[in-house]
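Below, each chain spelled out in residue letters.
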Amino acid sequence: MFEDILHLSEGKQIVMFLDYDGTLSPIVDDPDRAFMSKKMRRTVRKLANCFPTAIVSGRCREKVYNFVKLTELYYAGSHGMDIKGPEQGSKYEEDSKSLLCQPATEFLPMIDEVYQKLVQKTKLTPGAQVENNKFCVSVHFRRVNENNWSDLANQVRSVMKDYPKLRLTQGRKVLEVRPIIKWDKGKALEFLLESLGYANCTDVFPLYIGDDRTDEDAFKILRERKQGLGILVSKFPKETSASYSLQEPDEVMDFLQRLVEWKQLRSGA
């Protein structure tokens with residue numbers, strides 16, 4: 001379907017949005033070891049030289065930056081609640097170095113408090129891992145025995161009942177605690193398009209690639225805008241607002257590589 005996508009983007013500026021875990025790196029048991037390959041990093045660097053490129057992740061921004069280590073990208077951490085422009089500035093935007101958006105700053109003390117309580121509450125559940133992602137908290141249960149999943153969920157809910165300003169959502173083998181503000185990966189996508197000067201443009205073509213339930217917020221926005229398209233990374237058919245699918249990070253890398261080669265041919269590079 002690659003040619004179809006190129007045909008749809010004809011005459012438009014492609015803007016790339018990429019999830020991290022399960023999209024640029026394989027899903028692993030230990031979230032601290034979700035490293036991307038050197039080949040993937042090279043591919044993403046080339047991609048950013050061809051198109052404005054953003055990483056949109058549930059991880060805290062600093063953590064995902066330490067995994068990717070590319071200064072030419074936009075980074076949206078904590079499900080888009082912490083957005084920063086490229087460290088070295090962007091050729092697509094004049095003032096991208098000063099770009100910073102943190103709509104949930106007032107929730108930071110509360111998030112820290114909940115993180116501490118969840119660490120205490122879940123420490124007797126073997127395999128449970130609580131991750132502080134700055135503007136949200138992730139409770140990973142990939143290494144928890146399936147028989148203990150409901151107990152773990154109840155433990156998390158028992159902490160959450162004291163925090164009506166926070167909500168609980170679920171991703172791939174992870175429970176996410178987030179502020180109840182109307183902000184998600186879809187809002188982050190819109191904010192970044194606006195920052196790049198493409199707010200009301202018809203000649204922009206956003207491509208969003210992601211594998212998680214939280215990426216559906218961005219896929220839906222693209223459908224509503226009737227602009228660009230979403231690509232779901234999944235080995236199994238599932239209900240989605242994405243238009244296409246790739247099976248795994250290796251296929252994502254091949255797709256990105258083909259996009260780069262197409263762009264380089266077009267520009268005579």
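Up top you'll find the structure we're talking about.
Residues numbered from 1 in each chain as written. Predicted model: local features only at pLDDT ≥ 70, side-chain atom pairs only at ≥ 80, totals over all residues. Heavy atoms only, no water.

1. Remarks on the packing of helix 2 (residues 38–50) against helix 8 (residues 249–267)
Right, so step 1: Running from N to C, helix 2 and helix 8 cross one another at 35°; their axes reach a closest spacing of 9 Å. Note that helix 2 runs across helix 8; the crossing there is left-handed. In this structure, helix 2 uses Lys39, Met40, Thr43, Val44, Lys46, Leu47 and Cys50 to contact helix 8, whose residues at the interface are Pro249, Met253, Leu256, Gln257, Leu259, Val260, Lys263 and Gln264. (Axes fitted to C-alpha atoms, helices over the stretch in contact; angles between N-to-C directions. Helix = DSSP H or I, 4+ residues; strand = E, 2+ residues; numbered from the N terminus. Left-handed = near helix turned anticlockwise from the far one by under 90°. Contact = heavy atoms within 4.5 Å.)

2. Examining the packing of helix 6 (residues 185–195) against helix 7 (residues 216–225)
Right, so step 1: With their axes 6 Å apart at the nearest point, helix 6 and helix 7 run at an angle of 55° to one another. Compared by their axis directions, helix 6 and helix 7 come out oblique. In this structure, helix 6 contributes Lys185, Gly186, Leu189, Glu190 and Leu193 to the contact, and helix 7 contributes Asp217, Ala218, Ile221, Leu222 and Arg225.
Right, so step 2: Here the residues of the contact of helix 6 with helix 7 are counted per class, giving five nonpolar, one polar and four charged. (Parallel < 35°, antiparallel > 145°, perpendicular 65-115°, else oblique. Nonpolar A, V, L, I, M, F, W, Y, C, P; charged D, E, K, R; others polar.)

3. Thoughts on the packing of aromatic side chains
Right, so step 1: Summed over all chains, the structure comprises eight aromatic pairs.
Right, so step 2: Ring centres 5.3 Å apart and planes at 10° place the aromatic pair Tyr20 and Phe67 in the stacked group. One end of the pair, Tyr20, is in the loop between strand 1 (13–18) and helix 2; the other, Phe67, is in helix 3 (residues 61–68), and 47 residues separate them in sequence. You'll find Tyr20 and Phe67 in the same group, each marked buried.
Right, so step 3: Consider the rings of Tyr208 and Phe219, whose centres lie 5.6 Å apart with planes at 90°: the pair is edge-to-face. With Tyr208 in strand 10 (residues 204–210) and Phe219 in helix 7, this residue pair connects regions lying 11 residues apart in the sequence. (Phe/Tyr/Trp six-rings, centres within 6.5 Å; stacked < 30°, edge-to-face > 60°. Buried < 20%, exposed > 50% of the residue type's maximum accessible area, 1.4 Å probe, protein only.)

4. Quick notes on the sheet that holds strand 4 (residues 82–84)
Right, so step 1: What the eight strands build is an open sheet, ordered 5-4-3-2-1-10-11-12; its pairing is mixed. Two strands lie at the open edges of the sheet, namely strand 5 (100–101) and strand 12 (244–246), each paired on one side alone.
Right, so step 2: Pairing between strand 3 (residues 74–77) and strand 4: three bridges, direction antiparallel. Bridged to Ala76 within strand 4 is Ile83. (Pairing = 2+ DSSP bridges.)

5. Considerations on the environment of Arg143
Right, so step 1: Relative to the elements of secondary structure, Arg143 occurs in the loop between strand 7 (137–140) and helix 5 (149–160).
Right, so step 2: Classification of Arg143 as partly exposed rests on a relative accessible area of 44%.
Right, so step 3: Along the sequence, Arg143 and Arg225 sit 82 residues apart, while their C-alpha atoms lie 39 Å from each other.
Right, so step 4: Among all residues touching Arg143, those that are not within four sequence positions of it are Asp29, Asp30, Pro126, Gly127 and Gln129.
Right, so step 5: A polar contact of 3.1 Å, which involves the side chain of Arg143, links it to the side chain of Gln129. (Polar contact = N/O pair within 3.5 Å; in protein donor to acceptor, adjacent residues only side chain to side chain.)

6. Regarding the nonpolar core
Right, so step 1: Ranked by internal contacts, the top residues of the largest apolar core, which has 46 residues, are Phe17, Leu118, Leu166, Leu189 and Tyr208.
Right, so step 2: A total of five residues in this core trace back to one element, the largest contributor, which is helix 5.
Right, so step 3: Not counting the four nearest positions on each side in its chain, Leu166 is found in contact with Phe107, Met110, Ile111, Val114, Met160, Val177, Arg178, Pro179 and Ile180.
Right, so step 4: Grouped together as the second largest cluster of nonpolar side chains are 37 residues, Leu6, Val64, Leu70 and Val252 included. (Core = buried A, V, L, I, M, F, W, Y, C linked by side-chain atoms within 4.5 Å.)

7. Thoughts on the pairing of strand 7
Remember that side chains alternate between the two faces of the sheet whenever the strand is regular.
Right, so step 1: Where burial is concerned, the two faces of strand 7 agree: the one with Val137 and Val139 and the one with Ser138 and His140 are both buried.
Right, so step 2: With four bridges joining them, strand 6 (residues 129–132) and strand 7 adopt antiparallel strand pairing. Residue pairing across strands places Asn132 opposite Val137, the latter belonging to strand 7.
Right, so step 3: Taking the residues between adjacent antiparallel strands as the criterion, strand 6 and strand 7 are bridged by four residues, where Lys134 takes a positive phi near 70°.
Right, so step 4: Note that strand 7 and strand 9 (residues 174–179) share four bridges and pair antiparallel. Note that in strand 9 the partner of Val139 across the bridge is Leu175.

8. Looking at helix 2
Right, so step 1: With 13 residues, helix 2 extends 19 Å between its outermost C-alpha atoms, agreeing within 8% with the 18 Å of an ideal straight helix rising 1.5 Å per residue.
Right, so step 2: The complete set of buried residues in helix 2 reads Met40, Arg41, Thr43, Val44, Leu47, Ala48 and Cys50.
Right, so step 3: Next to the buried residues of helix 2 lie strand 1, strand 2 (53–56), helix 3 and helix 8. (Expected span 1.5 Å × (residues − 1).)

9. Quick word on the sheet that holds strand 6
Right, so step 1: Taken together, four strands build an open sheet; the order of strands is 6-7-9-8 and the sheet is antiparallel. Edge positions in the sheet fall to strand 6 and strand 8 (166–171), since each of these pairs with one other strand and no more. The average undirected angle you get between the axes of adjacent strands in this sheet is 20°.
Right, so step 2: Across the sheet, helix 4 (residues 108–122) lies against strand 6, strand 7, strand 8 and strand 9, angled at about 165° from strand 6, the strand it touches most.

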